[in-house]
There are 2 protein chains.
Amino acid sequence: MGVVIALEDKAQGPGITGLLALVAADMDRVNQTILSRTGSDVATIPEVANHLISSGGKRLRPMLTLATSGLCGYTGAGHIKLAASVEFMHTATLLHDDVVDESDMRRGKLAARMLWGNETSVLVGDFLLGQAFKMMVEVGSLPCLDVLSTAAAVIAEGEVMQLSVAKDTETSEDDYLAVIRAKTAALFGAAAELGPLLGNRPKPEVAACRGYGFNLGIAFQLIDDALDYGGTSAKLGKNVGDDFREGKITLPVVLSFRRGSQQQREFWKRTLERGEIEEGDLETAIATLHKHRALEDTIERARHYGAMARDALELFPTSEWKLALNDTVDFCIDRVY
Amino acid sequence: MGVVIALEDKAQGPGITGLLALVAADMDRVNQTILSRTGSDVATIPEVANHLISSGGKRLRPMLTLATSGLCGYTGAGHIKLAASVEFMHTATLLHDDVVDESDMRRGKLAARMLWGNETSVLVGDFLLGQAFKMMVEVGSLPCLDVLSTAAAVIAEGEVMQLSVAKDTETSEDDYLAVIRAKTAALFGAAAELGPLLGNRPKPEVAACRGYGFNLGIAFQLIDDALDYGGTSAKLGKNVGDDFREGKITLPVVLSFRRGSQQQREFWKRTLERGEIEEGDLETAIATLHKHRALEDTIERARHYGAMARDALELFPTSEWKLALNDTVDFCIDRVY
């Protein structure tokens, strides 16, 4: 779950360029809002917040809010603050996650907790959540508040759920899915649902956008899981192995553990449950995953959710927004190759 | 959701023969239990119950209980009564479903409500549910009681959920999935979970069997949905079109509606929402489904859940039980071709 692919690196591909171009002007306003809303007399707050916010995350979630607002013909300004809220909620989750997971690195930089400590990371996360809710209230849409506050509760629930499956190599695929539905897909779904809600669109369109975001979120996370072990390519990116070193149980491991021999299961238990990682273990892990086609099948599973995301959106007539959102599904999946 | 494929017709195939052979002796005892437990001084009760029970259903659900009991090395006798309970719960659902859906036919015969009336169908369903719980209590396993009573509540919840999506062609795939998870997959999952619970197996094995049954149930239902429109074959079986005539919204329709033109969406609204079905409409419906690859993609979605079912079971060492259960996944999907 720890791989960062800078959007810019992949912007040459056909996948995300359409979306980037369509939301560019709005995204500038979102970024300005984000910067102005991390301001505080308590100097640590903007320092910590900007450390993470300026470190080149994808901003895919706020883009979904902007894009479905465009798709649904919304012409107001509420989507800017809501998109910034979504990014703040996401950033707060990352700050808290790193404390819970005791992570050292985030987006290729030292994690905030390594620079300012765990306490500060937790509290700045809370500050960002508070700012997110303040902005939502300023927009004043109760349906949007409902969707985002529900997502916040679900995400927190997902974090707690993850504690219970953490380091358990016998985690089932269904249990793992329940975690990423809550931890990742819920916010993707909420972000995408805001557009039709702002635009006062009928219920089926609201459900369609939520379904698009939600299933895209699952696909996105599964691809992240595969990327963390290098995806299907032989050459490994710079963040490969983060999940392995942190003992995270992701779908490739779930599949490989189940399909493996007693000896291979013992390998996963030693490395991921007990954290006894030796020289060469990451290479063994990757070889084992390939042997069981665990990465290929994780991608195959992601394709299923990608197809669901695409079909959810089919309710809408053809438009540049719809095309860009469909291309985003391809982008999220194709970045694994 | 109304297609019945007699198991016998397909027994020549490689798919289900292994399972049938392994559970044959136990299944005889389940059938005897079912017959003896429909007895009542109120003559209508055995009449109605046996009308449905003797009409050649698949008994796939109780077979799952027997098979996972075998898989988990259970040597007691509790699985017989629990398997009979599962079949009673299923039969009760069918009786109630036919009343709710105002169905005329069930398993190629007149529905019980056509012969004895709605009131009797509802009450005999309740009687069967009562008998199911009595048998569970006799077995005396609290974990099994927990699983089955939870399933009963979830199924009922699914029925109510279905009322709210009924006749709505704009139903999303996620909403439809939520219905079949509750209406179909929950009982499949519960049935399969009973074996490891009876055998006092560790939690991951319990979760594995539940995951197997649950995902098999989704795959099974999606294939049923595709079969109701003739599957991918040109020649149509005898029950083709039941869902269409009853205005049921199933995944092929969900996909075709979303992918369709305004004119095609109006067709689905007229036929399924308003129930205005004219000569040749079923043929038009099937042609439209094929045009949108809606049946092919429904089967593709089913394959995804089939793969999840198979991987859930991978936790267990190779055995004739495991092989038979894996073949059952193929059987459930391959019957569409």
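Just so it is clear, the structure is predicted and the values come from calculations on it, not from any experiment.

Colleague: What's the story with the overall build of chain A in this structure? I'm lost.
Modeller: Within chain A, the secondary structure is distributed over 16 helices and two strands. For 337 residues, the compact-globule estimate of 2.2 N^0.38 gives 20 Å, and chain A sits close to it at 19 Å. Taking all 337 residues of chain A together, the buried fraction comes to 59%. In chain A, once contacts between residues fewer than 6 apart in sequence are set aside, the share between residues at least 24 apart is 77%. As displayed, chain A has an accessible area near 12900 Å², and 54% of this comes from carbon and sulfur atoms.

Colleague: Got a minute to help me understand the interface of chain B and chain A in this structure?
Modeller: Each partner contributes to the interface: chain B provides 25 residues, whereas chain A provides 25 residues. Regarding the contact of chain B and chain A, the summed buried area is about 2300 Å², with carbon and sulfur atoms giving 47% of it. Three residues, Arg 258, Asp 311 and Leu 315 of chain B, lead the burial of chain B against chain A; their summed loss comes to 27% of the area buried on that side. Scanning the region where chain B abuts chain A turns up four salt bridges.

Colleague: Can you help me understand the relation of the copies chain B and chain A in this one?
Modeller: One chain copy maps onto the other through a rotation about an axis and a shift parallel to that axis. Superposing chain B onto chain A requires a rotation of 180° together with a translation of 0.0 Å along the rotation axis, leaving an RMSD of 0.0 Å. The symmetry that links the two subunits is that of a two-fold axis. When C-alpha distances to the rotation axis are compared across chain B, the minimum falls at His 304 of chain B, with a value of 3.5 Å. Here 100% of the contact residues of chain B are again contact residues in chain A; the copies associate through an equivalent surface.

Colleague: What am I meant to see in the nonpolar core here?
Modeller: Proteins that are soluble and globular tend to have nonpolar side chains buried together. Judged by nonpolar contacts, the single largest core of 199 residues is most densely connected at Tyr 212, Tyr 229 and Trp 268 of chain A together with Met 89, Tyr 212, Tyr 229 and Trp 268 of chain B. If near-sequence neighbours (up to four positions away) are discounted, Trp 268 of chain A is found in contact with Thr 169, Phe 244, Val 253, Ser 256, Phe 257, Glu 273, Ala 285, Thr 288 and Leu 289 of chain A.

Colleague: Looking at this structure, how should I read the environment of Lys 291 of chain A?
Modeller: Note on placement: Lys 291 of chain A falls in helix α14 (residues 281-291). Of the residues examined, Lys 291 of chain A reaches a relative accessible area of 66% and is grouped as exposed.

Colleague: Teacher, can you tell me more about the packing of aromatic side chains here?
Modeller: Both the distance between ring centres and the angle between the ring planes are used here to describe each pair of aromatic rings. For the structure on display, the rule yields ten aromatic pairs over all chains. Aromatic pair Phe 244 of chain A and Phe 267 of chain A: ring centres 6.4 Å apart, planes at 20°, arrangement stacked. Taken together, the positions of Phe 244 of chain A in helix α11 (residues 242-245) and Phe 267 of chain A in helix α13 (residues 262-273) put the pair 23 residues apart, joining distant regions of the chain. Note on Phe 267 of chain A: relative accessible area 11%, which makes it buried. An aromatic cluster is built from Tyr 229, Phe 244, Phe 267 and Trp 268 of chain A, whose rings are joined through pairwise contacts. The side chain of Arg 335 of chain B reaches across the aromatic face of Phe 220 of chain B, ending 4.3 Å from its centre.

Colleague: Explain a nonpolar patch on the surface here, please?
Modeller: Residues and elements named next belong to chain A. Taken together, the side chains of Met 105, Leu 110, Met 114 and Leu 115 define a hydrophobic patch exposed on the protein surface, amounting to about 350 Å² of accessible area. Its location among the elements puts Leu 110 in strand β2 (residues 109-110). On the accessibility criterion, Leu 110 (39% relative accessible area) is partly exposed.

Colleague: Any chance you could explain the pattern of salt bridges here in plain terms?
Modeller: Side-chain pairs of opposite charge can arise where the charged atoms are in close proximity. Under the definition given, this model contains 50 salt bridges over all chains. Close ionic contact of Asp 311 of chain A with Arg 259 of chain B constitutes a salt bridge, the shortest N to O distance being 2.6 Å. Within this pair, whereas Asp 311 of chain A is found in helix α15 (residues 294-313), its partner Arg 259 of chain B is found in helix α12 (residues 251-259), the two belonging to separate chains. For Arg 113 of chain B, the salt bridge identified is with Asp 104 of chain B, shortest N-O distance 3.6 Å. Residue Asp 104 of chain B is classed as partly exposed on the basis of its relative accessible area of 41%. What emerges from the salt-bridge pattern is a single network uniting Glu 173, Arg 259, Asp 297 and Arg 301 of chain A together with Asp 311 of chain B.

Procedures and definitions
- Residues numbered from 1 in each chain as written.
- Chains lettered and ligands numbered in written order.
- Predicted model: local features only at pLDDT ≥ 70, side-chain atom pairs only at ≥ 80, totals over all residues.
- Heavy atoms only, no water.
- Helix = DSSP H or I, 4+ residues; strand = E, 2+ residues; numbered from the N terminus.
- Rg over C-alpha atoms; globule rule 2.2 N^0.38 Å.
- Buried < 20%, exposed > 50% of the residue type's maximum accessible area, 1.4 Å probe, protein only.
- Contact = heavy atoms within 4.5 Å.
- Areas by Shrake-Rupley, 256 points an atom, 1.4 Å probe, with all protein chains shown as cover.
- Buried area = accessible area lost by both parts, 1.4 Å probe.
- Salt bridge = Lys/Arg side-chain N within 4 Å of Asp/Glu carboxyl O.
- Least-squares fit on C-alpha atoms with pLDDT ≥ 70 in both.
- Core = buried A, V, L, I, M, F, W, Y, C linked by side-chain atoms within 4.5 Å.
- Phe/Tyr/Trp six-rings, centres within 6.5 Å; stacked < 30°, edge-to-face > 60°.
- Lys NZ or Arg CZ within 6 Å of the ring centre and 35° of its normal.
- Patch = residues over 30% accessible without salt bridge, like charges linked within 9 Å, V, L, I, M, F, W, Y side chains within 5 Å.

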